[in-house]
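Single-letter residue listing:
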Amino acid sequence: MDFEDLVTALAPPPNRVGKADDDHEHHLYEGAVMIAYAMHLLRTEGAQHVRIHPDGEHGKQFDFSAWLERRQFRKIAAIGTTAYGGAYENSAGQTITVNPRSGLGDVVADVGDHVISAECKGGIINTKHSGQVSRLYKGLCETVGMLMATPSQGRQVAVVPLTASTLRLAERLAPRCALAGIEIALVGSRGEVMDVKSPRGAERVTSTLK
């Protein structure tokens, strides 16, 4: 089952009216990208514990607690002073820790004998507005740059929303990123994750999402 509640639909401001493929702009906020990728790691990478490190703005845009509770993740411990900070566990013993602390990587998981560390960005996924399309484009460049500036502890992944423009850019970046040990993953509107492997195409990772 895929996720139907990651996207937030909002009326566009006056300068962007008519620039989306709908009457509303579809925001896939950074917090939503983080949680979708965290679930992907639990479902497909064999992770048992994933750590998410949002900032205050992410918590305002995306309701981590309510989203996790709808997926039968029960809050078992609080972390920090925010309402959403804490450890959440499901009946299978999988844990997602939401820790509002910067400098630790947006999404981090221990898988086997290595660490997967992801930097994430969000954006408007149905926009034709040049400024917003550029923001998506720059978001992927920023995540790659952040990972290049961070000492690698294992696998490093740049994660941004899936759009036509981010896919084209990801395909161009993938060969050089691979040389630096950086992977690129794109998150769709319903939580599907695409790992971009080469400029000739992308391998869709099928996740069993609940």
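Residues numbered from 1 in each chain as written. Predicted model: local features only at pLDDT ≥ 70, side-chain atom pairs only at ≥ 80, totals over all residues. Heavy atoms only, no water.

Engineer: Help me out: how do you make sense of the overall build of the protein in this one?
Structural biologist: Along the backbone of the protein there are 5 helices and 13 strands. Projected onto its principal axes, the C-alpha positions of the protein cover 45 × 40 × 30 Å. When burial is assessed residue by residue, the protein has 49% of its 210 residues classed as buried. Partitioning the intrachain contacts of the protein with sequence separation of at least 6 by distance along the chain shows that 60% fall at a separation of at least 24. Total accessible area on the protein is roughly 10,200 Å²; 50% of this is exposed by carbon and sulfur atoms. In the protein, the 23 positive side-chain charges and the 24 negative ones have mean positions that sit 3 Å from each other. (Helix = DSSP H or I, 4+ residues; strand = E, 2+ residues; numbered from the N terminus. Buried < 20%, exposed > 50% of the residue type's maximum accessible area, 1.4 Å probe, protein only. Contact = heavy atoms within 4.5 Å. Areas by Shrake-Rupley, 256 points an atom, 1.4 Å probe, with all protein chains shown as cover. Lys, Arg positive; Asp, Glu negative; His and termini not counted. Charge placed at Lys NZ, Arg CZ, Asp CG, Glu CD.)

Engineer: Looking at this model, I keep getting lost on the confidence of the model for the protein. Mind explaining?
Structural biologist: Close inspection of predicted coordinates is inappropriate in any region flagged by low pLDDT. For the protein, the mean per-residue pLDDT works out to 91, and 93% of the residues sit at or above 70. Confidence drops under a pLDDT of 50 for residues 199–210, and excluding neighbours within four residues, the segment shows 36 contacts in the predicted structure. (pLDDT = per-residue confidence, 0-100.)

Engineer: Explanation requested: the packing of aromatic side chains in the structure shown.
Structural biologist: Any aromatic ring pair is given by two values, namely how distant the centres are and how the planes are angled relative to each other. Applying the stated criterion across every chain, the model contains 4 aromatic pairs. Taken together, a centroid distance of 5.3 Å and an interplanar angle of 80° make the contact between phenylalanine 62 and phenylalanine 64 edge-to-face. Phenylalanine 64 matches phenylalanine 62 in its accessibility class, with the two residues each being buried. Look at phenylalanine 62 and tryptophan 67: their rings are 6.4 Å apart centre to centre, the planes differ by 45°, and that puts the pair in the tilted class. On the basis of relative accessibility, which here comes to 5%, the residue phenylalanine 62 falls in the buried class. Residue classification places tryptophan 67 among the buried positions, given a relative accessible area of 0%. (Phe/Tyr/Trp six-rings, centres within 6.5 Å; stacked < 30°, edge-to-face > 60°.)

Engineer: Could you clarify how one ought to interpret helix α1 (residues 30–44) in this entry?
Structural biologist: Every α-helix winds through 3.6 residues per turn, so residues three or four apart in the chain are directed the same way. Taking 1.5 Å of rise per residue, the 15 residues of α1 would be expected to cover 21 Å, and the 21 Å separating its terminal C-alpha atoms lies within 8% of that figure. Across the 15 residues that make up α1, a large majority, 13, are buried. Glycine 46 lies just past α1 and shows a positive phi near 80°. (Expected span 1.5 Å × (residues − 1).)

Engineer: Would you explain the pairing of strand β7 (residues 107–111) in this entry?
Structural biologist: Remember that side chains alternate between the two faces of the sheet whenever the strand is regular. Burial analysis of β7 places 4 of its 5 residues in the buried class, which makes it a mostly covered element. With 5 bridges joining them, β7 and strand β8 (residues 114–120) adopt antiparallel strand pairing. Across the sheet, residue valine 108 finds its bridge partner in β8, namely serine 117. The hairpin formed by β7 and β8 contains 2 residues between the paired strands, and glycine 112 there has a positive phi angle of roughly 65°. (Pairing = 2+ DSSP bridges.)

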